[in-house]
Amino acid sequence: MRLSKYFMPILRHDPKEAEIVSHRLMLRAGMIRQESAGIYSWLPTGYRVLKKIEQIVREEQDRAGAIEVLMPTIQSADLWRKSGRYDDYGKEMLRITDRHERDMLYGPTNEEMITDIFRAGVQSYKDLPRNLYHIQWKFRDEIRPRFGVMRGREFLMKDAYSFDVSAEAGRHSYNIMFLAYLRTYQRMGLTAIPMQADTGPIGGDMSHEFLVLADTGESEVFFDSKYLEMDWQNVSIDQDDEGALSDAIQGFTSHYAATDEKHEAAAFDAIPADRKITGRGIEVGHIFFFGTKYSEPLECVVQGPDGKMVPVHSGSYGIGVSRLVAGIIEASHDENGIIWPDPVAPFNVGIINLKSGDADTDAACERVYSALTNAGMDVLYDDTDERAGAKFATMDLIGLPRQLVIGPRGLKEGQVELKHRKSGEKQSVSLDEAINQLTA
Ligand code: ATP
Ligand code: MG
């Protein structure tokens, strides 16, 4: 992408409405624009990141054996009346009436609809287990939308739903998703700690929230420092090996970790003092096993091995896709701007032309631009005639992992400058060496 032909409305000054760093940087980098409270347009750079995150989530759901569908944003109230949640959900649900006076709603989640879809499509325990997911916009009329896309009213969520013949089988499905979550966050360069969450009336230990540590997080967290030593990179477990998977998940949840909602002071106090950590975190995912809570009222039953009809056992598994954009920035930035982990960066490389219009500099930039683009990389080429200082500031602000600075002075010596955004390290290399390194 050539910056002269792109749309990236950069703000030179801090917007005063932004209270936290991710919101400020997303507005400054021209990633989003607020349309009304908690409702945003995704501008090109923001949308690129959103799509990259969405794709990682999708690939890890697929790898876990989940099957993608797409349900509508607008739902009929009928199913929600059957499950009893139409009244329970309260003011967070945006209720709409169509021209025929039918009660509709903008979906805040999809348990009812997916259970109804599943009910209509399976008859026998032989069709189980299954896990269906979609990545779709949700609307919750939050009482206090704030912090940009961190707590929006309209937001993008991945929600998956598992269906099993028994609670025991359901546990394995839960564990598979648990593993998929660890892999998903790890691929985005994040450490998200699984913490015990409320299971409501079902009880048991089958609900976890995944939290990214950040001072600006909305949840207060209490955990054992052992979590900071865990090897989240090395989760090479065979998900079909029920026992091994169960042991691994046991390992990942064996120490104390809870948010304020589930915190038990006595259990926390039992941890050696030097291992007790209190801080804040951002909830980027929540998984939940709820058994037959929806299958019973919605009559989602299958024929069991003994011929009797049994309600299916389900869980639901959410990831805040749009919240993750902000969450990653909270976890990865410095005073100059965003520092994108490569897998979610809007562009992998930024090329800065220090003297647009200079024939040699233009030619060198064009050469590297096509070499990198041909190698399948996402490249942003700053070919504008802004001054150098402003170009450097913009590149740092938008946080591309690597920058290539090309100017007439360096070129005379056959050199260009390669900069690593995260470490700040700069290297003078030949154009060919730069291309080799970037495409390696
Ligand atoms: P929270 O406690 O933050 O309000 P929740 O527990 O109501 O979230 P879930 O129903 O578990 O949310 O939704 C799954 C995921 O969707 C959450 O883990 C979070 O990452 C994301 N999410 C929920 N609400 C919002 C929101 N208002 N804006 C952006 N993302 C959200
Ligand atoms: Mg939650």
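Our subject is the structure listed above.
The present account deals with the structure reproduced in this document. (Residues numbered from 1 in each chain as written. Chains lettered and ligands numbered in written order. Predicted model: local features only at pLDDT ≥ 70, side-chain atom pairs only at ≥ 80, totals over all residues. Heavy atoms only, no water.)

## Overview of the overall build of the protein
Looking only at helices and strands, the protein has 14 helices and 23 strands in total. For the protein, whose C-alpha radius of gyration is 25 Å, the value lies close to the compact-globule estimate of 22 Å for 440 residues. Across its three principal directions, the C-alpha atoms of the protein cover 80 × 60 × 40 Å. With 51 positive and 68 negative side-chain charges, the protein shows a separation of 4 Å between the mean positions of the two kinds. (Helix = DSSP H or I, 4+ residues; strand = E, 2+ residues; numbered from the N terminus. Rg over C-alpha atoms; globule rule 2.2 N^0.38 Å. Lys, Arg positive; Asp, Glu negative; His and termini not counted. Charge placed at Lys NZ, Arg CZ, Asp CG, Glu CD.)

## Comments concerning the sheet that holds strand 6 (residues 103–106)
Strand pairing in a sheet is mediated by backbone hydrogen bonds. Such pairs are either parallel or antiparallel. The strand order across the open sheet built from 3 strands is 4-6-5, with neighbouring strands paired in antiparallel fashion. Sheet topology places strand 4 (74–76) and strand 5 (94–97) at the edges, where each strand pairs with a single neighbour. Taken pair by pair, the neighbouring strands of this sheet meet at an average axis angle of 35°, ignoring direction. Pairing between strand 5 and strand 6: 4 bridges, direction antiparallel. By the bridge assignment for strand 6, Ile96 is matched with Met104. (Pairing = 2+ DSSP bridges. Axes fitted to C-alpha atoms, helices over the stretch in contact; angles between N-to-C directions.)

## Some remarks on the coordination of the magnesium ion (ligand 2)
Those donors, Glu283 (OE) and His286 (ND1), are the protein atoms that reach the magnesium ion (ligand 2), and they lie 2.2 to 2.4 Å from it. Here Glu283 falls in the partly exposed class, since its relative accessible area comes to 25%. Residue class for His286 comes out partly exposed when judged on its relative accessible area of 26%. (Donors = N, O, S within 2.8 Å, 3.2 Å for Na, K, Ca; no water. Buried < 20%, exposed > 50% of the residue type's maximum accessible area, 1.4 Å probe, protein only.)

## Quick word on the side chain of His208
Relative to the helices and strands, His208 is located in strand 10 (residues 207–213). At 2.7 Å, the side chain of His208 and the side chain of Tyr174 are in polar contact. Discounting chain neighbours no more than four positions away, the residues touching His208 are Tyr174, Phe178, Met195, Gln196, Ala197, Thr253, Gly285, His286 and Ile287. (Polar contact = N/O pair within 3.5 Å; in protein donor to acceptor, adjacent residues only side chain to side chain. Contact = heavy atoms within 4.5 Å.)

## What about the layout of surface pockets?
One way to see where empty space is left: roll a probe the size of a water molecule over the atoms. Taken as a whole, the largest pocket holds about 1,200 Å³ of empty space. Lining the largest pocket are 43 residues, and of these Arg140, Met157, Glu209, Glu283 and His286 sit closest to its centre. Of all the secondary structure elements, the ones that give two or more residues to the lining of the largest pocket are strand 8 (154–164), strand 13 (276–291) and strand 16 (313–320). Split into classes, the residues belonging to the lining of the largest pocket amount to 14 nonpolar, 14 polar and 15 charged. Estimates place the volume of the second largest pocket at around 250 Å³. (1 Å grid on protein atoms, 1.4 Å probe; cavity = no way out; pocket = protein on both sides within 12 Å on 5 of 7 lines; lining within 4 Å. Points joined across faces, edges and corners; volume = space filled by probe spheres on them. Nonpolar A, V, L, I, M, F, W, Y, C, P; charged D, E, K, R; others polar.)

## Topic: the packing of helix 2 (residues 44–63) against helix 6 (residues 167–187)
Close contact between helix 2 and helix 6 brings their axes to 9 Å; oriented N to C, the two are set at 150°. When the axes of helix 2 and helix 6 are compared, the pair comes out roughly antiparallel. Pair helix 2 / helix 6 crosses with right-handed handedness. Side by side, helix 2 and helix 6 meet where Ile56, Val57, Glu59, Glu60, Gln61 and Arg63 of the first sit next to Met177, Ala180, Tyr181, Arg183, Thr184 and Arg187 of the second. Looking at the contact of helix 2 with helix 6, its residues break down into 5 nonpolar, 2 polar and 5 charged. (Parallel < 35°, antiparallel > 145°, perpendicular 65-115°, else oblique. Left-handed = near helix turned anticlockwise from the far one by under 90°.)

## Structural notes on the sheet that holds strand 19 (residues 349–353)
In spatial order, the strands read 20-19-21-22-23; together these 5 strands make up an open sheet with mixed pairing. Both edges of this open sheet fall to strand 20 (379–382) and strand 23 (426–429), since each of them pairs with a single strand only. For this sheet, the mean angle separating the axes of adjacent strands, direction not counted, is 20°. Relative to strand 22 (residues 416–420), strand 21 (residues 402–406) runs antiparallel, the two being bridged by 4 bridges. Along strand 22, the bridge assignment pairs Gln403 with Lys419.

## Re helix 8 (residues 242–252)
For helix 8, the set of buried residues is Leu245, Ala248, Ile249 and Phe252. Projected onto a plane normal to the axis of helix 8, the buried residues spread over an arc of 95° and lie on a single side. Packing partners of the buried residues in helix 8 comprise helix 6, strand 9 (192–196) and helix 7 (226–229). (Arc of directions from axis to C-beta.)

## Some points on the packing of aromatic side chains
As enumerated under the stated definition, the model contains 14 aromatic pairs in all. When the centroid spacing of 4.9 Å and the interplanar angle of 90° are considered together, the rings of Phe290 and Tyr294 count as edge-to-face. A connected cluster of aromatic rings, assembled from ring pairs, spans Phe178, Tyr181, Tyr185 and Phe210. We note Lys276 situated over the ring of Phe268; from NZ or CZ to the ring centre the distance is 5.5 Å. (Phe/Tyr/Trp six-rings, centres within 6.5 Å; stacked < 30°, edge-to-face > 60°. Lys NZ or Arg CZ within 6 Å of the ring centre and 35° of its normal.)

## Observations concerning empty space enclosed by the protein
Applying the stated criterion to the full structure yields 3 cavities of 30 Å³ or more. As a volume, the largest cavity reaches approximately 50 Å³. Lining the largest cavity, in full, are Tyr40, Trp42, Trp137, Val149, Glu154, Phe155 and Ser322. For the lining of the largest cavity, the secondary structure elements donating two or more residues are strand 2 (39–42) and strand 8. Looking at the lining of the largest cavity residue by residue, the class counts come to 5 nonpolar, 1 polar and 1 charged.

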